[in-house]
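A closer look at the structure
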Amino acid sequence: MQDANLQRRLILDIPTGFLLLFFVMPLAALVTLSFWQTENYKIVHEWTLMNYGTLATERAYITFFLRSLVMAIGVSVTLVALSWPIAYFIVRYGGRYRIIFSLLLVIPFLSGEVLRLIALQGMLGPAGLVNGALIRMGAAPLRMIMYSNAASFIAFIYLYLPLVVTTIYLSLINFDFRLAHAASACGANRFRIFTEVVWPLNLSGTIVGFMLAFIPTLSASLVPRFLGGPNGTLYGMSMAQQFGESGTWALGAAMGVVLFLFSAIALAILSYGVDLRRTGFTGLGRQ
Amino acid sequence: MFETKLTRRSILVAGAATALAAPFVRPSWAAPDTVRALMWEAYLLPDQITAFEESNKVKFVPSFFDGNSEAYNKLRVGGSKEFDLVQADGFWPQLYFREGLLREVDYSKVPNSSGYLPEFGAEVFKVLSDPQSGKKIGFPFCWGAYGITYDAGKVQPERTETLECMFSSDYSGMLSTSARFEENIALAALLVTERLGSRDKPRPDGKPFNPYVLSDEELAEVEKLLIQQKSLLLTRYQDNPTLFQLLQSGAVVAATEFAQVFRQLLTAEAQGAAPVDFRHALKMKEGGLGWVDTWLVTSGVQDGKKFDLCNSFIDLMISPTVMKKIGEVAGCSTTVDLRSISNETERKLFLMDRSNEIADLFMFDQPSSPEKWERVWSNVQAA
């Protein structure tokens, strides 16, 4: 009995301690730093709201945030639209190869993100696969995919597509398609079956997929750095600069706190519509 | 005998105590038989390091950084006791010394220091002397500029005699600069101050003109100029391989860089790549930016065995054979005279006969206000 108690406590306390040390404490340090100042690479330990004032009033940081928000919404919506048919196809027509199809989606994750971005940079760049082929055919290169927000958009889709397809796949695989057959038997057409039966009953998994793309896109720094070009600076990239080259850590910390709060609120709002039992993540199968 | 009860509270207390005590636990790698260096990764030659370790029976422990501000922060946070040797360029060593992070060095204990090119000798190269006390604070290592590499078939050489070339709509969409914000602002400042004629007027710090110390009016003009330049740029490259591809493919015809890519392009041509007339302009009529990488000894190193080891390491690093290899690997010019062991191509490639031009360049420095410069850069990026 005592052993079981000890085991239970260890199972709970080790992750709790880990979270306290490596999540809560750094976050607390970040919040504290955001209320200080940096001056000539030195931290001035005086409490101030100036960093938050700067973020709320300076056009540059507002622009970075809005660019990131528009990018995150665009990327997430596109990913959901692309992932649905892919996941639906695997679940409905994958047969015994369903697992293999879904595992194939994971293959890009076997290499690092930087490597994948460099490969993409080579592909979309002026001498890359796309523009190289166009030039060889005598056509003009596509400038919009070279070092632009469009290039970043393509990269985000490439990076997060497997995540979103997998979440929607997990949702669909737990969905009872007999409900769709029943609706069909009652005279509903395909569009109505989808909008009134399949989509609402898989909304939770879709929202989880949306969030898995939305949150990292909002805070991304590597993609705009490698592919964004002169007009592609996003909020996460600017935040990384504060901690790196410019040494303005206090402003960077305030940017981090704002991002964390915004993401938490977005997560809370979106989670409102999530019923985990319907996502396929509970391991309980069909409910 | 006392009993310890394993409770949630006790585990959390133990965890917190361990976390608090961690900074005070002396790391094993800080043992006296180690030499710890904070350096640029490009200068690490594994075979030379192994030879140094074996001949001195010590362990060499390198840590790496990208930019001076990053090294400065690491040195200040870790304290000079965390490192024995450190690298920096431009005026940064003087700042380190003022802040007590470095110790005085002794050229007589580093025999290979007699092989420096005249411009970098102890008596001539004042950047590595403390202006107040005159003490020597480090050893020159590699040098370079932040000049313009261009395709002479598409950009007339005389156009690169001025910085206007990097802001010309004639090359719209075919220009590139690095993503380093300090050098973008400082280089634009050379053009702005020339246009405004403000260099000879009293400067904000009361000293002679330095593109890293700018008035608010000059910074505002720099911001405007960099915003105009954005539409002319294909991209701000993050790394040398990217710029190499852009220049070699012809997508970019002129770019500001450290001459490293220029050398790689010429080397590639010598190895069979399609011939293109790539050239490098070190200094423009408005001036240019230069840097001299150095080896410095931290104030945590006392006279005795550790100081001797540091001197011995620096002596090895600036020995002609090692310097030649570093030049080849890192693609930089060296401060040691290698002309007697180099052929004509190498002399041209590594600018061995142009080292006197360093005296006319403005050395890399700390921005007068990192906060103001950051704001300018953010405004440029957001525009």
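Report follows, based on the coordinates. Remember, predicted model here, so these are calculated numbers, not experimental data.

Let us look at the nonpolar core. B:Tyr43, B:Leu85, B:Tyr96, B:Phe141, B:Ile185, B:Trp295 and B:Ile326 are the most contacted members of the largest nonpolar core, which has 113 residues in total. With 9 residues, helix 5 (residues 181–196) of chain B is the single largest residue contributor to this core. Built from parts of two domains, this core gets at least three residues from each of domain 1 (2–143 + 292–350) and domain 2 (147–287 + 367–382) of chain B. Excluding residues that lie within four positions of it along the chain, B:Ile185 makes contacts with B:Leu214, B:Leu219, B:Val222, B:Leu226, B:Trp373, B:Val376 and B:Trp377. Judged by nonpolar contacts, the second largest core, of 57 residues, contains A:Ala60, A:Met71, A:Ala155 and A:Ile168.

Here the focus is a nonpolar patch on the surface. Residues and elements named next belong to chain A. A grouping of Leu19, Leu20, Phe23, Val24, Phe260, Leu261, Ile265 and Ile269 is seen on the molecular surface, where their side chains present a nonpolar patch of about 730 Å² in accessible area. Elements that contribute at least two residues to the nonpolar patch include exactly helix 1 (2–34) and helix 13 (249–271). The topology assignment puts Phe260 in helix 13. Overall, the relative accessible area of 36% leaves Phe260 in the partly exposed class.

On the side of chain A, 42 residues touch chain B, which itself brings 40 residues to the contact. Surface buried jointly by chain B and chain A totals about 3400 Å² across both partners, of which 54% is contributed by carbon and sulfur atoms. At the boundary of chain B and chain A, one finds 2 salt bridges. Sorting the residues of the side of chain B that touches chain A by element identifies helix 1 (8–21), helix 3 (68–78), helix 5, strand 7 (233–237), helix 7 (240–249) and helix 12 (370–382) of chain B as the ones contributing at least two each. Ranked by the residues each element gives to the side of chain B that touches chain A, the list is headed by helix 12 of chain B, at 9 residues. A per-class count over the side of chain B that touches chain A returns 17 nonpolar, 14 polar and 9 charged.

A few words now on helix 5 (residues 113–124) of chain A. Between its first and last C-alpha atoms helix 5 of chain A spans 16 Å; for 12 residues at 1.5 Å apiece the expected length is 16 Å, and the two agree. Considering only its buried residues, helix 5 of chain A is in contact with helix 6 (129–136), helix 7 (149–173) and helix 11 (222–227) of chain A together with helix 7 of chain B.

It is worth spelling out the pattern of salt bridges at this point. Residue and element names in this part refer to chain B. Using the criterion set out here, one finds 21 salt bridges over all chains in the structure. For Asp47, the salt bridge goes to Lys325, with nearest N and O atoms at 2.7 Å. One end of the pair, Asp47, is in helix 2 (residues 46–56); the other, Lys325, is in helix 10 (residues 320–330), and 278 residues separate them in sequence. A residue is classified by how much of its surface remains accessible, and Lys325, at 33% relative accessible area, is partly exposed. In this structure, Arg103 and Asp303 form a salt bridge, with 2.9 Å as the shortest nitrogen-oxygen distance. Taken together, the residues Arg103 in the loop between helix 4 (92–98) and strand 4 (139–145) and Asp303 in the loop between strand 10 (289–297) and helix 9 (305–317) connect sequence positions 200 residues apart. Given the relative accessible area of 17%, Arg103 is considered buried. Take Asp303: its relative accessible area is 58%, and that puts it in the exposed class.

Each value, and the rule that gives it
Residues numbered from 1 in each chain as written. Chains lettered and ligands numbered in written order. Predicted model: local features only at pLDDT ≥ 70, side-chain atom pairs only at ≥ 80, totals over all residues. Heavy atoms only, no water. Core = buried A, V, L, I, M, F, W, Y, C linked by side-chain atoms within 4.5 Å. Buried < 20%, exposed > 50% of the residue type's maximum accessible area, 1.4 Å probe, protein only. Helix = DSSP H or I, 4+ residues; strand = E, 2+ residues; numbered from the N terminus. Domains from an automatic or database assignment. Contact = heavy atoms within 4.5 Å. Patch = residues over 30% accessible without salt bridge, like charges linked within 9 Å, V, L, I, M, F, W, Y side chains within 5 Å. Areas by Shrake-Rupley, 256 points an atom, 1.4 Å probe, with all protein chains shown as cover. Salt bridge = Lys/Arg side-chain N within 4 Å of Asp/Glu carboxyl O. Buried area = accessible area lost by both parts, 1.4 Å probe. Nonpolar A, V, L, I, M, F, W, Y, C, P; charged D, E, K, R; others polar. Expected span 1.5 Å × (residues − 1).

Note that all results are geometric; they support no functional claim without further evidence.
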